[in-house]
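So the chains spell out like this:
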Amino acid sequence: MESWRRGPLASQSRWGATAFPNVVIQMKRTTTRAATVLAVAATISMGASSLGYAGESDAPDYPDFKSSTYQDPADGQYIVNGDIPLQSEEQLRDFYQEVISPSPPTTSLIVNQVYGSDDIWSARQAQDLTYCVSTDFGADHSAVVDAMEAGGNQWEGATAAVDFTHDASQDENCSTSNNNVLFSIEPVTGASYVARAFFPSSSKSTRNVLVNTDQIFSSGSWTADDVLAHELGHTLGFRHEHTRPEAGTCFEDNNWRPLTPYDASSIMHYPQCNGASSDLSMTEQDREGIRSVYGS
């Protein structure tokens, strides 16, 4: 197995507000030590794909980078790579340095790595991925419950080694401070994303899936089931497939290792980043990927 550059990462992703969102400001992979950067806080909007790039000399300095990065009003975390949250400015600065000066990968579904180790749940914890769905969703509560169940079922259908369990008894007190569940599903409005999640290495205080009820049920060919399945992929440790060199765009960083051959149709691949699927559905390679780290 190839070795990949070590480095901390605590990120999440964001989904756009429309049927066919597009990253208008993004980062581009290069094979040199100085990566091309336009901005970290990708803005997602409607229309045809319009990925902007800048030359090496156009890379922003850190203050400009920080000021252009979306800071989630829900909890103050910085959102990078579309739907990945960073808990602190220290993590944001580390992320900036990784993008500006990454180590090139040794080659071309990928798993997140933290200090060179796979960022996944233990076998025991993977069988007990409990969550609550906040009653603050109001009239949308039942629909979110159903979408979460459907999203979790997609991964559970690929392997018996993971089990997402909704503990409805905790819905009235559903937040990151509820220690009776592993993570929470909470509503947010007015955010720039449709949904965002976390990685297994995230602290309990940031272990939630935030769902923008203004957008989750009006994202065109991206159904709520598939959007939440994508976010649950992050909770299992999986990265955006489009950070791989084969995608040719939307580079994020090198803190990952490949689990399968590149899959342009992966549920973890943004369609607007040279993806081959418009509906964000799960592929057989996604299923092979989860089995490769969690077992059958």
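In this report, the structure presented in the accompanying data block is examined.

## Thoughts on the environment of Arg291
Link 1 in the chain: Mapping Arg291 onto the fold places it in helix H6 (residues 284-294).
Link 2 in the chain: It is 8.1 Å that separates the C-alpha atoms of Arg291 and Ala161, two residues lying 130 residues apart in sequence.

## Thoughts on the packing of aromatic side chains
Link 1 in the chain: Under the definition given, this model contains four aromatic pairs.
Link 2 in the chain: For the pair Tyr131 and Phe183, a centre-to-centre distance of 5.5 Å together with 25 degrees between the ring planes defines the contact as stacked. Placement of the pair is Tyr131 in strand S10 (residues 129-133) and Phe183 in strand S12 (residues 183-188), with a sequence separation of 52 residues. An identical accessibility class is assigned to Tyr131 and Phe183; each is buried.

## Quick notes on the state of the cysteines
Link 1 in the chain: Tallied over the full model, the rule gives two disulfides.
Link 2 in the chain: There is a disulfide in this structure between Cys132 and Cys174, and the S-S distance comes to 2.1 Å. Taking the torsion about the S-S bond as the criterion, the Cys132 to Cys174 disulfide, at about 90 degrees, is right-handed. Taken together, the positions of Cys132 in strand S10 and Cys174 in the loop between strand S11 (164-166) and S12 put the pair 42 residues apart, joining distant regions of the chain. There is no split in this pair, since Cys132 and Cys174 are both buried.
Link 3 in the chain: Across the disulfide from Cys250 sits Cys273; the S-S distance is 2.1 Å. Judged by the torsion about the S-S bond (-80 degrees), the Cys250/Cys273 disulfide is left-handed.

Cut-offs used in this document
- Residues numbered from 1 in each chain as written.
- Predicted model: local features only at pLDDT ≥ 70, side-chain atom pairs only at ≥ 80, totals over all residues.
- Heavy atoms only, no water.
- Helix = DSSP H or I, 4+ residues; strand = E, 2+ residues; numbered from the N terminus.
- Phe/Tyr/Trp six-rings, centres within 6.5 Å; stacked < 30°, edge-to-face > 60°.
- Buried < 20%, exposed > 50% of the residue type's maximum accessible area, 1.4 Å probe, protein only.
- Disulfide = S-S within 2.5 Å.

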